[in-house]
Amino acid sequence: MTMPSLKIAATGRTPEVDFDFPNGVLRLAGESYPDDVATFFGPLLTALRSFLAESPATPLRFDMELLYFNSSSAKALMNILQMLETAARGGRPVTVAWCYEEDDESMRELGEDFAEDLDSVSFLLKEVPVSGVR
Amino acid sequence: MTLAQQFAGIKRDLDQQGIIFSFSGYLSEGILYSLGEALREKMTLEEADGPTVRRVFSVFVEQMQNIIRYSAEKVTGAAGRPVELSAGMVTIGMEAGKVFIVCGNAVRDGDVARLKERLDHLRSLDRDGIKTYYREQLREAPDDDSRGATIGLIEIARRASEPIEYDFTPLADERSFFCLKARI
C-alpha cells in the first residue's frame, strides 16, 4: 500500500482532515461550511477514490466527527459515504462511526438520514460528550 | 434633524423590533464568516444551549449563502483577484422568545415562479415530510443552474420551529425583492 496519508489542519470554516490511508482510518472533525465546497472536498474525494481503487480490500473505518456542516458539505459527505458503500459491497469491511454530541438531536437525525441506504457499511451512531467547543 | 437624531431613530426602530443584528449591502463569504462568529458569540453569552446556537447558525449560513449565490444584484470585477459581491440584507432578532432570521435580496422575475413553487411545497410539509424530502434531495444531483446543493432551503425549513414565511414585492428592471423569514 503506497497511498500516503492526507492530513489537513482545520480552519474556522473547514474541518480537520486526517485520512490515514496506511492504517485504513479516515477522520473528519470540526465544522464544514467552506466558501467553495468543490475546492475543499474535491481533493479528498479524489484521494479516497484512488485509495479504494488501488489498495487491497483491507478493513476501513470512517470517523465522522463534524459538529456542524452546511447543505453543500452534506452533498460531499454523501459522496464519501456512497464511495464507502460501494467498497463495502465489493467485499471490503467498512465501519462508519457517526459521532454526535449528546444533546444534538439534529446531528443524530442527520446520521439516520445519511445511513438510510447504507446496507453493506456497518454504521454506528455514536454519542459523545459535549466538548464545550460551541 | 441632526445626524445623531437621524441615526438614533434608526437604531431605536431596530431595537424596538427586537433586532440584534442587521446587515444591508454587499455580502461576501468573509462577511458571512465574521457575522456568523459574532452571532454565535452573542448567543453563547446569552447562555443559549448548544443545539439552539447551531440551529440558528445553520439557518443563518444557508440564508447568507443563498444571497451570495443567487442575488440578482451583483458586482463583479478583478482587483488582483476575482471579486464577486452580491447585494442583500440579513436581519436577526428576537420575537416572542424566539430567534428569527430574515434575508432579503433581489431575484429575477423569471425565477419567482419556481422559487414560490419550492417554498410552497416546503410549507405544505410537516416535520416528517420535510425529513423525507431532505433524504430524497440528498441523493439527487444538484440542479444545473445551482452552485450549491439544492437542499439549502430544506435545511432552513428543517431547523426552523415553525413553517417558513416568504414574500415578494416588485422592483424595477424585471426584478422582485424576495424575503424569507425563519423562526428557530
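Residues numbered from 1 in each chain as written. Chains lettered and ligands numbered in written order. Predicted model: local features only at pLDDT ≥ 70, side-chain atom pairs only at ≥ 80, totals over all residues. Heavy atoms only, no water.

Draft legend 1. Representation of the packing of aromatic side chains within the structure. All names here are of chain A. Taken as a whole and assessed by the stated rule, the structure comprises 14 aromatic pairs over all chains. When the ring of tyrosine 33 is compared with that of tyrosine 68, the centres are 5.7 Å apart and the planes differ by 65 degrees; the resulting orientation is edge-to-face. Note that tyrosine 33 is positioned in the loop between strand 3 (25-32) and helix 1 (37-54) and tyrosine 68 in strand 4 (residues 60-69), a separation of 35 residues in sequence. Accessibility classification places tyrosine 33 together with tyrosine 68 in one group, the buried group. (Phe/Tyr/Trp six-rings, centres within 6.5 Å; stacked < 30°, edge-to-face > 60°. Helix = DSSP H or I, 4+ residues; strand = E, 2+ residues; numbered from the N terminus. Buried < 20%, exposed > 50% of the residue type's maximum accessible area, 1.4 Å probe, protein only.)

Draft legend 2. Up close: the nonpolar core. Formed by 81 residues in total, the largest nonpolar core has its most connected members in Leu28(A), Phe62(A), Phe69(A), Leu84(A), Phe114(A) and Phe60(B). At ten residues, the largest contribution of residues to this core is made by helix 2 (residues 71-89) of chain A. (Core = buried A, V, L, I, M, F, W, Y, C linked by side-chain atoms within 4.5 Å.)

Draft legend 3. Molecular detail of a negative patch on the surface. Taken together, the side chains of Glu102(A), Asp103(A), Glu127(A) and Asp49(B) make up a negatively charged region of the molecular surface. With respect to the secondary-structure elements, Asp49(B) resides in the loop between helix 2 (29-45) and helix 3 (50-70). (Patch = residues over 30% accessible without salt bridge, like charges linked within 9 Å, V, L, I, M, F, W, Y side chains within 5 Å. Areas by Shrake-Rupley, 256 points an atom, 1.4 Å probe, with all protein chains shown as cover. Salt bridge = Lys/Arg side-chain N within 4 Å of Asp/Glu carboxyl O. Lys, Arg positive; Asp, Glu negative; His and termini not counted. Charge placed at Lys NZ, Arg CZ, Asp CG, Glu CD.)

Draft legend 4. How the structure looks around the pattern of salt bridges. Per the stated rule, a full pass over the model turns up 27 salt bridges over all chains. The partner of Glu29(B) in a salt bridge is Arg13(A), and the shortest N-O contact between them spans 2.6 Å. Residue Glu29(B) is located in helix 2, and its partner Arg13(A) is located in the loop between strand 1 (6-8) and strand 2 (16-20); the two belong to separate chains. With relative accessibility at 11%, the residue Arg13(A) sits in the buried group. Counted as one network, the salt bridges with shared partners bring together Glu95(B), Lys98(B), Glu162(B), Glu165(B), Lys181(B) and Arg183(B).

Draft legend 5. Seen up close, unusual backbone geometry. All names here are of chain B. Non-glycine residue glutamate 47 carries a positive phi angle of around 60 degrees. Its location among the elements puts glutamate 47 in the loop between helix 2 and helix 3. For aspartate 173, which is not glycine, the phi torsion reads 60 degrees and is therefore positive. With respect to the helices and strands, aspartate 173 occurs in the loop between strand 5 (165-170) and strand 6 (175-183). We classify aspartate 173 as exposed; its relative accessible area is 68%.

Draft legend 6. Spotlight on the environment of Ala87(B). Residues and elements named next belong to chain B. Mapped onto the secondary structure, alanine 87 falls in strand 3 (residues 81-95). A sequence separation of twelve residues divides alanine 87 from valine 75, and the C-alpha atoms of the two residues are 8.4 Å apart. Here alanine 87 is in contact with Gly25, Tyr26, Ile67, Ser71, Glu73 and Asn105, once residues within four sequence places are set aside. (Contact = heavy atoms within 4.5 Å.)

Draft legend 7. Structural view of the sheet that holds strand 2 of chain A. If you walk across this open sheet you meet the six strands as 1-2-3-4-5-6 (chain A), and the pairing is mixed. In this open sheet, the two strands that pair with only one neighbour each are strand 1 and strand 6 (122-128) of chain A. Recorded for the sheet is a direction-independent mean angle of 15 degrees between the axes of neighbouring strands. As defined by bridge partners, strand 4 of chain A adjoins strand 5 (residues 94-101) of chain A across five bridges and the pair is classed as parallel. Residue pairing for strand 5 of chain A: Met64(A) is matched across the bridge by Trp98(A). In the packing of helix 3 of chain B onto the sheet, contacts are made with strand 4 and strand 5 of chain A, and the angle to strand 4 of chain A comes to roughly 85 degrees. (Pairing = 2+ DSSP bridges. Axes fitted to C-alpha atoms, helices over the stretch in contact; angles between N-to-C directions.)

Draft legend 8. Main features of the packing of helix 3 of chain B against helix 6 (residues 152-159) of chain B. Residue and element names in this part refer to chain B. Where helix 3 meets helix 6, the axes come as close as 9 Å, and the angle between the chain directions of the two elements is 150 degrees. By the angle class used here, helix 3 and helix 6 are roughly antiparallel. When you trace helix 3 past helix 6, the crossing you get is left-handed. Residue-level contacts link Arg54, Arg55, Ser58, Val59, Glu62, Gln63 and Asn66 of helix 3 to Gly152, Leu153, Glu155, Ile156 and Arg159 of helix 6. Broken down by class, the residue content of the contact of helix 3 with helix 6 amounts to three nonpolar, four polar and five charged. (Parallel < 35°, antiparallel > 145°, perpendicular 65-115°, else oblique. Left-handed = near helix turned anticlockwise from the far one by under 90°. Nonpolar A, V, L, I, M, F, W, Y, C, P; charged D, E, K, R; others polar.)

Draft legend 9. Representation of the interface of chain B and chain A. With 30 residues of chain B at the contact, the number on the chain A side is 29 residues. Carbon and sulfur atoms make up 44% of the area that chain B and chain A hide from each other, which totals about 2,600 Å². Contact with chain A buries surface across chain B, with Arg54(B), Arg135(B) and Arg139(B) losing the most and accounting together for 26% of the total. For the pair chain B and chain A, the interface holds ten salt bridges. The residue Lys131(B) makes a salt bridge to Glu112(A) at a minimum N-O spacing of 3.8 Å. Along the contact surface separating chain B from chain A lie 16 residue pairs in polar contact (both at pLDDT 80 or more). Elements with a minimum of two residues in the side of chain B that touches chain A: helix 2, helix 3, helix 5 (127-138) and helix 6 of chain B. The dominant element in the side of chain B that touches chain A, judged by the number of residues it contributes, is helix 3 of chain B, at nine residues. Grouping the constituent residues of the side of chain B that touches chain A by class yields eleven nonpolar, five polar and 14 charged. (Buried area = accessible area lost by both parts, 1.4 Å probe. Polar contact = N/O pair within 3.5 Å; in protein donor to acceptor, adjacent residues only side chain to side chain.)

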